[in-house]
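Listed below, chain by chain, are the residues.
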Amino acid sequence: MIRSINKIDDYHMEYSVQMTFRESWNDDRLNYSSEGGRIKYLTLTETDKIWMPDLFFKNEKTGHFHDIILPNTYIRIFPNGDVLYSIRISLTLSCPMDLKLYPLDTQICELRMASYGWTTEDLLFKWKEEEPIQVTKKLHLPRFTLEKFETDDCASKTNTGEYSCLMVNLTFKREFSYYLIQYYIPCCMLVIVSWVSFWLDQYAVPARVALGVTTLLTMSTQNAGINQSLPPVSYTKAIDVWTGVCLTFVFGALLEFALVNYACRSDMQREKLKRRQRYDFESQVSYESGILVASASSASASPRHHHHHHDPTAPSTSDHHHPSHRPPQYYRHNSFGADHEGHFNDYASLVRETIENGVPTFAMRPLVPPYHEGGGGSDNNGGGGGGGGGNIGRPLNHHCEIHVQGHPSRSPCACFKTWLSKFPTRSKRIDVIARITFPLVFALFNICYWSAYISQEESGEGTTK
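None of the values given here were measured: they were computed from a predicted structure.

A. How the structure looks around the overall build of the chain. The helix and strand tally for the chain stands at eight helices and 14 strands. Relative to its 465 residues, the chain shows a buried fraction of 33%. A total of about 29,400 Å² of accessible surface is found on the chain, and carbon and sulfur atoms cover 56% of it.

Following this line, the structure appears as structure tokens:
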């Protein structure tokens, strides 16, 4: 009868049990008269007075008898020579375990009893037909559940002969709730806490480094504590896969910040270089615009000089075509902001308006030039025959075609790139990608992990005997 199971030690692969052991046999040398049924049996307390089977426990490590208050043992001898021997003992028995599915495993521990010196020709053990094994109803195990127990025969054959043996298989199912609270949930929380750094500012270096290092050290301590209670085995356990992947995620979050920090410094260097190029470019533009303004001023003064030395009633065609003979309003009414020679009047302001990210972008000419009022049909000073002033204020007679292309259906990759382009810096993009990638990969890992190990548990691959 199994009274209690004190512990099941995973590290030493053993379990402790307290039980009442009973065995009976017949010795015809002990027959006596029952005096008409008045004597049912005789009781002895000294076991060395009669013959006893040389039974021993094959997988025993340690054991002891109970002697408080008196020795917990007795022998009953019946009139027909039957002997019943009962004793309360505590044993620590070895239990080889396969921990590949730990802590989702089921273990089978054995209790083997055999004859030490008598062979099967002299002594043969057999189980009782009715209830050979009894288990107390109040049996309680802290981290296991006794699912079932079975009896079997384990006769062994050696060089000295064949020996009778009996065996009990105790099937223990590990309670997963304890490990879920102690191991899995804390590791999962540490992984999620490490993702908080993705939402912190990229310039908060002390906060992100402290968070990454703290979660990494905590995860390492948790992993060490788990392995400390388990034996060093040559195979990978289920808990090793879980803690290893969680540790990888935490370490990956710390490496992600290192990548973000590098990208941030690279972005700052590029921005600094762009500012320097922009400053140099604007300085050069300011210098060139000053020269252009001075040239435009000298050109506007030239027509007055010719007006005083030539007859206004006999204008020369070549004078009107020369840039120095054009009226000052020509420079103001030019639709494209440039004179006939192609020089911009306000070149500096045009360049400032067309600089994006430090790189000049040249504006496209409009398809239809804007119409300016007040231009008139001919130049008052130059007549209607020549000069560029006669066309000022009129739209150019050019045919234009406008082609509108419909928006094609965008692929998910194109939509993702468009959404990602909203973030200006590479460091910010890395953080945004990490916010999505890390949780998705961790969720995918959980699906694969629990599906694989739960299916193996149900198929009984982690059960050893």
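Past the structure itself, the notes keep going.
B. Main features of the side chain of T119. Here T119 is to be found in the loop between β8 (106-115) and β9 (144-153). When near neighbours in sequence (up to four residues on either side) are disregarded, T119 contacts T160, G161, E162 and Y163.

C. Quick look at unusual backbone geometry. Looking along the chain, the bond that leaves I68 and enters I69 is cis, with omega of 0 degrees. Tracing the chain through its elements places I69 in the loop between β5 (60-65) and β6 (73-77). Following Y102, the chain continues into P103 via a peptide bond in cis, with omega recorded as 5 degrees. The topology assignment puts P103 in the loop between β7 (82-94) and β8. We note that M13 has phi near 55 degrees; this positive angle belongs to a residue other than glycine. In this structure, M13 sits in the loop between β1 (2-9) and β2 (14-26). Unusually for a residue other than glycine, E131 sits at a positive phi of about 50 degrees. Mapped onto the fold, E131 is located in the loop between β8 and β9.

D. Up close: the state of the cysteines. For the structure shown, the criterion picks out two disulfides. In this model, C95 is linked to C109 through a disulfide, with the two sulfur atoms separated by 2.0 Å. Because the sign of the S-S torsion sets the handedness, a value of about -80 degrees for the bond joining C95 and C109 places this disulfide among the left-handed ones. Taken together, the residues span a long stretch of sequence, with C95 in the loop between β7 and β8 and C109 in strand β8 at a distance of 14 residues. There is no split in this pair, since C95 and C109 are both buried. The disulfide bridge from C154 ends at C165, spanning 1.9 Å between sulfur atoms. Given an S-S torsion of about -60 degrees, the disulfide between C154 and C165 has left-handed geometry. With C154 in the loop between β9 and β10 (156-158) and C165 in strand β12 (residues 165-174), this residue pair connects regions lying eleven residues apart in the sequence. Given a relative accessible area of 9%, C154 falls into the buried group. Its relative accessible area of 0% is what places C165 among the buried residues.

E. Layout of the packing of aromatic side chains. Applying the stated rule across the entire model yields 27 aromatic pairs. Plain terms: the ring middles of W51 and W118 are 6.5 Å apart, the flat faces sit at 70 degrees to each other, and that makes the pair edge-to-face. Residue W51 is located in the loop between β3 (42-44) and β4 (55-57), and its partner W118 is located in the loop between β8 and β9; the two are separated by 67 residues in the primary sequence. For W51, a relative accessible area of 33% corresponds to the partly exposed category. Classification of W118 as partly exposed rests on a relative accessible area of 37%. Each member of the aromatic cluster is reached from another via a ring pair, and the members are F176, Y184, W195, F198, W242, F249, F438, F442, F445, Y449, W450 and Y453. Note that K100 overlies the ring of Y235, its terminal NZ or CZ placed 5.8 Å from the centroid.

Quick notes on the rules
- Every chain's residues receive numbers from 1 upward, in the order its sequence appears when written.
- Residue-level local features of this predicted model are given only where pLDDT is at least 70; pairs of side-chain atoms are given and counted only at 80 or more, and the full residue set underlies all totals for whole chains, interfaces and linings.
- Each side-chain value is worked out from all heavy atoms of the structure, with water and hydrogens disregarded.
- Each helix corresponds to a stretch of at least 4 residues labelled H or I by DSSP, and each strand to a stretch of at least 2 residues labelled E; elements are numbered beginning at the N terminus.
- Only protein chains enter the accessibility calculation, which uses a 1.4 Å probe; a residue is then buried when its area is under 20% of its type maximum, exposed when over 50%, and partly exposed in between.
- Working definition of accessibility: Shrake-Rupley area with a 1.4 Å probe, residue cover restricted to the visible protein chains.
- Contact criterion: two residues are considered in contact whenever any of their non-hydrogen atoms come within 4.5 Å of each other.
- For the purposes of this analysis, a disulfide is any pair of cysteine sulfur atoms at a distance within 2.5 Å.
- Aromatic rings from Phe, Tyr and Trp, with only the six-membered ring used for Trp, were paired whenever their centres fell within 6.5 Å, and each pair was classed as stacked if the ring planes differed by under 30 degrees, edge-to-face if by over 60, and tilted otherwise.
- We count a charge as sitting over a ring when the NZ of a lysine or the CZ of an arginine lies within 6 Å of the ring centre and within 35 degrees of the ring normal.

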